[in-house]
Amino acid sequence: MRRFAAAIAVVVFAAGVALADTIIVDCTGQNGYETIQEGLDAADTGDNVVVWPGTYSGSGNRDLNFKGKDIDLQSRDGAYWTTIDCDSLGRAFYFHSGESSSARVKNFTIVNGVADMGGGIYCDNASPTLDGLVLSYNHAALKGGALYCRTSSSQLTNTTISYNSSDAHGGGMYCCGMSEPDLDTVYFIQNTAAENGAGMFWLAEQDSSSGTLSTVMFCGNSAVRGGGLYLQVPGTGAVLDSVGFYANTSTGESQGGGGGAFCILSSPSLINGCVFQANTAVGDGGGIYIHENSSPSLTGVSFTSNEADRGGGAFTSGQVGASAPVMTECTFTSNSASKGAGIYSCDGSVVFLYDCTLTGNEAEEKGGGLHVDSQSVALVDGGSFTGNEAAAGGGV
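Small disclaimer: the values here were computed from a predicted structure and weren't measured.

## Some points on a negative patch on the surface
Here is step 1 of the chain: On the surface, Glu-253, Glu-307, Asp-309, Glu-362, Glu-364 and Glu-389 cluster together into a negatively charged patch.
Here is step 2 of the chain: You can see Glu-307 is positioned in the loop between β33 (302-304) and β34 (314-317).

Written as C-alpha cells, this is what we have:
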C-alpha cells in the first residue's frame, strides 16, 4: 500500500512540472520555423530553440528580441556552421526586457551588425548568458562595436570578438552603468576604436560595481587610449586574472597612452598573473598607463618588450589625484622608452615595488629600469635591477 501511494505521489508531482519544449529553426523551411525570430516568438520561458546550420539574414534574423523570456537559443552544429548576417542593416540581438542569465545565446557567428551602440548585441538592464560566439566585422557609431552592456551582469564565455570597430569607444565591447561583467576565455583580436578601449571599454558609474576578467586575451587592438582595455572601475573594483595583452597599440600622443591597458579612477583593482608583451604607445605607458587616483594591486605580472615614449612597461601619474599602485613579484624585461623603460612615475604618484625584477630594459635618456620625477616616490623592498641601460641612470 505504501509503495502504491508513493507511486501516485510521483505521478502527481511529474504531472505538475512543465516540460521544456524544443523548437526547431531551419533557414530552408523544411524542418521547422524559417526565421530565428519566429522560433523565439513560439517559445516560452524555459524552452529550447535549436537553429540548424546555415546563414540567417534578412527580416526575422536581425534585431532579435527575447521579449523578456528566458529562452535557451543555440545552434545545432556550432558557430562555424551557423551565421547570423545582419547585412549592415541592424544588430543581431536586442536584450532590454530584464532577461536573466537563464536566457542564453550559444554557438553562433555574428557578422555585419551596425548600430549606434552595440553593433552585434545590445544589453540594457538584461543579463543573458553569451557562450561560444564569434562576433566579427560589426560596427558602432558610438559605443560597443560588437557588444554593448548597460547595467548588465552578462556572463561571456568561450567567445572571440574580432575585427569590430567603433567611431568612439569600445571597438569590441562597451560596459557601463552598474554592469558587472563576467568574462572567461574570451579573445579580443584586431578591434579598433577612434577614441578609447579598442578591445574593451569598462566604465562603472557607481562605487559598488565590480566584475572579473579571467583567461582573457587582448591581441592586436588599437585605440587612442587603452589599445587593449580602458578601465574606469572605482569602488569594489575590477579583477583581472590571467589576462594577456599582446601587441596592442595606443595611437595618441599628448592625450593618449596605455598600449595594453589604460587605468583611471580605478581603486582598488586586482591584476594577477597577467602578461603585457609587445604593446606600443606613441605617448606613455606601452604596457599599462595608471592614472588619476588609481591604485591597483599587481601580483605576478610580467611586462616584456613593450615600448613607449615614457614608461615602456608601466607609466604612473598622479595629476588630479595621487595614484599608488602596489607591484609584487612583477617582472620588467626588455622594455624600451625615451625615459623610464621599465617604469616611469610622475606627478605625485607613489609606486610600491615588492620583490620585483627589472632586467634588460633600455631608455634613450633616463632611467633604464625606473624613472621617478621630483614630485613622485618609489618604495622598493627586495627584488633586483640588472642589465638596464640608459644615457643617465641605467638602473634608476
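## Some points on unusual backbone geometry
Here is step 1 of the chain: Phi is positive for Asn-125, which is not a glycine, with a value near 55 degrees.
Here is step 2 of the chain: Note that Asn-125 resides in the loop between β10 (121-124) and β11 (129-131).
Here is step 3 of the chain: Taking the relative accessible area as the measure of exposure, Asn-125 reaches 43% and is therefore partly exposed.
Here is step 4 of the chain: Although it is not a glycine, Ala-278 adopts a positive phi angle of roughly 60 degrees.
Here is step 5 of the chain: The exposure class of Ala-278 is partly exposed, given its relative accessible area of 35%.

## Concerning the pairing of strand β15 (residues 155-162)
Here is step 1 of the chain: Here β11 runs beside β15; their pairing, made up of 3 bridges, is parallel. Across the sheet, residue Thr-129 finds its bridge partner in β15, namely Gln-155.
Here is step 2 of the chain: Here 7 bridges tie β15 to strand β18 (residues 182-189), and the two strands are oriented parallel to one another. Across the sheet, residue Gln-155 finds its bridge partner in β18, namely Asp-182.

## With respect to the nonpolar core
Here is step 1 of the chain: In this structure, Phe-93, Ile-121, Met-200 and Met-327 are the most contacted members of the largest nonpolar core, which totals 70 residues.
Here is step 2 of the chain: What Met-200 contacts, discounting residues up to four positions off in sequence, is Met-173, Cys-175, Pro-181, Leu-183, Phe-188, Leu-213, Phe-218, Gly-228, Leu-229 and Tyr-230.
Here is step 3 of the chain: Counting 13 residues, the second-largest nonpolar core is a separate cluster that includes Leu-203, Tyr-230, Tyr-289 and Tyr-344.

## Describing the environment of Gly-369
Here is step 1 of the chain: Looking at where Gly-369 falls in the secondary structure, it is placed in the loop between β41 (362-366) and β42 (370-372).
Here is step 2 of the chain: The exposure class assigned to Gly-369 is buried, which follows from its relative accessible area of 0%.
Here is step 3 of the chain: For the pair Gly-369 and Thr-357, spaced 12 residues apart in sequence, the C-alpha to C-alpha distance is 9.3 Å.

## Overview of the confidence of the model for the chain
Here is step 1 of the chain: Confidence in the prediction for the chain averages 92 pLDDT; 92% of positions are at 70 or higher.
Here is step 2 of the chain: A low-confidence stretch, residues 1-17 stays under pLDDT 50, and its non-local contacts, those more than four residues away or across chains, total 0 contacts.

## Some words on the sheet that holds strand β6 (residues 93-95)
The strands that make up a sheet pair up through hydrogen bonds in the backbone, lying either parallel or antiparallel.
Here is step 1 of the chain: Strand order in the open sheet formed by 11 strands is β6-β10-β14-β17-β20-β23-β27-β31-β34-β38-β42, and the pairing between neighbours is parallel. The outermost strands of the open sheet, each flanked by one partner alone, are β6 and β42. Across this sheet, the average inter-strand angle for adjacent strands is 5 degrees, counted without regard to direction.
Here is step 2 of the chain: Where strand β31 (residues 288-291) lies against β34, 4 bridges are found, and the strand directions are parallel. By the bridge assignment, Ile-288 is partnered in β34 with Ala-314.

## Regarding empty space enclosed by the protein
Here is step 1 of the chain: Enumeration according to the criterion identifies 2 cavities of 30 Å³ or more in this entry.
Here is step 2 of the chain: For the largest cavity, the calculated volume is near 40 Å³.
Here is step 3 of the chain: Every residue lining the largest cavity is listed: Leu-229, Leu-231, Leu-240, Phe-245, Ala-261, Phe-262, Cys-263, Ile-271, Phe-276 and Ile-288.
Here is step 4 of the chain: Residue contributions to the lining of the largest cavity peak at 3 residues, all from strand β27 (residues 261-264).
Here is step 5 of the chain: Classifying every residue of the lining of the largest cavity by side-chain character gives 10 nonpolar, no polar and no charged.
Here is step 6 of the chain: Roughly 40 Å³ of internal volume is contained in the second largest cavity.
Here is step 7 of the chain: If you go around the second largest cavity, the residues you meet are Leu-130, Leu-147, Cys-149, Ser-152, Ser-153, Ser-154, Leu-156, Met-173 and Pro-181.
Here is step 8 of the chain: By residue class, the composition of the lining of the second largest cavity is 6 nonpolar, 3 polar and no charged.

Each value, and the rule that gives it
- Residues numbered from 1 in each chain as written.
- Predicted model: local features only at pLDDT ≥ 70, side-chain atom pairs only at ≥ 80, totals over all residues.
- Heavy atoms only, no water.
- Patch = residues over 30% accessible without salt bridge, like charges linked within 9 Å, V, L, I, M, F, W, Y side chains within 5 Å.
- Areas by Shrake-Rupley, 256 points an atom, 1.4 Å probe, with all protein chains shown as cover.
- Salt bridge = Lys/Arg side-chain N within 4 Å of Asp/Glu carboxyl O.
- Lys, Arg positive; Asp, Glu negative; His and termini not counted.
- Charge placed at Lys NZ, Arg CZ, Asp CG, Glu CD.
- Helix = DSSP H or I, 4+ residues; strand = E, 2+ residues; numbered from the N terminus.
- Buried < 20%, exposed > 50% of the residue type's maximum accessible area, 1.4 Å probe, protein only.
- Pairing = 2+ DSSP bridges.
- Core = buried A, V, L, I, M, F, W, Y, C linked by side-chain atoms within 4.5 Å.
- Contact = heavy atoms within 4.5 Å.
- pLDDT = per-residue confidence, 0-100.
- Axes fitted to C-alpha atoms, helices over the stretch in contact; angles between N-to-C directions.
- 1 Å grid on protein atoms, 1.4 Å probe; cavity = no way out; pocket = protein on both sides within 12 Å on 5 of 7 lines; lining within 4 Å.
- Points joined across faces, edges and corners; volume = space filled by probe spheres on them.
- Nonpolar A, V, L, I, M, F, W, Y, C, P; charged D, E, K, R; others polar.

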